[in-house]
Every structure is written in C-alpha cells, then in structure tokens.
Amino acid sequence: MIKAISWVLALLMCLFAGGCAVRDAAKPAEEGSPSTPEYHRITPEEAKERIDSGRQVVILDVRTKEEFDAGHIPGAVLLPNETIGNSMPEQLPDLNAEILVYCRSGNRSRQAAEKLVKMGYAGVYDFGGIGSWPYEVVKEP
C-alpha cells in the first residue's frame, strides 16, 4: 500500500513538473527583452495604423533608388538594403525610433530588419513588400 502511494505521488510530481515546464517553454519572449533582440513582423494594415496614429515613425524603404523613384510610400526614407552595414546609418540617428521597414516583396525588408536589430535599434517593424501595400504610393517626377 505504501509503495502504491509513493508511486502515485511520484507520478503526480512528474506530471506537475512536466506541465510547468511546457507552460514556461510556450511563454512568448517579452517585447524589448535585451537578451533576445529581434524585429517584429507586422501586416501592411498594422503599419498603416502606426503611420496614421500620430506617433513619430520612420518609414524605411530598403529598395534601390530606381525602385524608390518608380513608386514609394509617402514620407518614406530611402536606405537601400545593400548599403546597410555594421555602423549606424545617418538616416537613422535614434536607436529608439520606431522604424517601419519595407521593400518590394519582403525579402530585403527582413534582411534589413535583422541588420538594424543587430546594430541596436529597438523598435524595428518589418511589414514586407510594397506589392502588398493597398494604400497610396507616390512617384518621383
């Protein structure tokens, strides 16, 4: 009888410990955690909400100048992905700025977002490509 009770207690302890471990592992990392810097993926609709919110945001186009001139989001700053290195770009002087990054299809915006986070930028939001942007686009004359 004592063996059975011991076995049941041991089983309950294992289940309890295992349940806690699974719950902790599934917990999302807290935003802005210094141990795991990362950029955030958002939709074009979420980017538009941020732009229209009245907060200061930097809309960052990481395509080429030719692509930018052919059509870009109003107010966007051009910083081609290929020019982003290991040092802070002069177009982005504030490491705490909210930066909304886009390109043509989403590949370069992901690359640029990763590079910016590695440099220490805290508020980087990748919203993919201009191809999925359903709002206004302006062209350079």
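Going by the structure above, here's the rest.
Residues numbered from 1 in each chain as written. Predicted model: local features only at pLDDT ≥ 70, side-chain atom pairs only at ≥ 80, totals over all residues. Heavy atoms only, no water.

J.: Honestly, the packing of aromatic side chains in this entry has me stumped. Any pointers?
T.: Describing an aromatic ring pair means giving the distance of the ring centres and the angle of the ring planes. Counted according to the given criterion, the structure contains 3 aromatic pairs. An angle of 70° between the planes, with centres 4.9 Å apart, marks the rings of Trp133 and Tyr135 as edge-to-face. Among the aromatic side chains, those forming a connected cluster through ring pairs are Tyr102, Phe127, Trp133 and Tyr135. The ring of Tyr135 is capped by Lys48, whose NZ or CZ atom sits 5.4 Å from the centre of that ring. We note Arg50 situated over the ring of Tyr125; from NZ or CZ to the ring centre the distance is 4.0 Å. (Phe/Tyr/Trp six-rings, centres within 6.5 Å; stacked < 30°, edge-to-face > 60°. Lys NZ or Arg CZ within 6 Å of the ring centre and 35° of its normal.)

J.: I tried to follow the environment of Lys48 on my own but got confused; where do I start?
T.: Here Lys48 shows up in helix 2 (residues 44-52). In sequence terms Lys48 and Trp133 are 85 residues apart; their C-alpha atoms lie 9.1 Å from each other. In contact with Lys48, not counting residues within four places along its chain, are Trp133 and Tyr135. (Helix = DSSP H or I, 4+ residues; strand = E, 2+ residues; numbered from the N terminus. Contact = heavy atoms within 4.5 Å.)

J.: Please explain the pairing of strand 5 (residues 123-129) as it appears in this structure.
T.: Of all the 7 residues making up strand 5, 7 are buried; the element is thus mostly covered by neighbouring parts of the structure. Bridge count between strand 4 (residues 98-103) and strand 5: 5 bridges; the pairing is parallel. Counted as the bridge partner of Leu100 is Tyr125 from strand 5. (Buried < 20%, exposed > 50% of the residue type's maximum accessible area, 1.4 Å probe, protein only. Pairing = 2+ DSSP bridges.)

J.: Looking at this structure, how should I read the pattern of salt bridges?
T.: Once their charged atoms are close, side chains differing in charge can pair, the charge on each being opposite to the other. Enumeration over the complete set of coordinates arrives at 8 salt bridges. Residues Lys65 and Asp69 are paired through a salt bridge, measuring 2.9 Å at the closest nitrogen-oxygen approach. Placement of the pair is Lys65 and Asp69 together in helix 3 (residues 65-70), with a separation of 4 residues, close to one helical turn. A residue is classified by how much of its surface remains accessible, and Lys65, at 48% relative accessible area, is partly exposed. Since its relative accessible area comes to 26%, Asp69 is described here as partly exposed. The partner of Glu67 in a salt bridge is Arg108, with the nearest N and O atoms 2.9 Å apart. (Salt bridge = Lys/Arg side-chain N within 4 Å of Asp/Glu carboxyl O.)

J.: So what exactly am I meant to see when it comes to the side chain of Glu67 here?
T.: Mapped onto the secondary structure, Glu67 falls in helix 3. Within the structure, Glu67 has its side chain in polar contact with the side chain of Arg108 (distance 2.9 Å). When sequence neighbours within four positions are dropped, the list of residues in contact with Glu67 reads Arg104 and Arg108. (Polar contact = N/O pair within 3.5 Å; in protein donor to acceptor, adjacent residues only side chain to side chain.)

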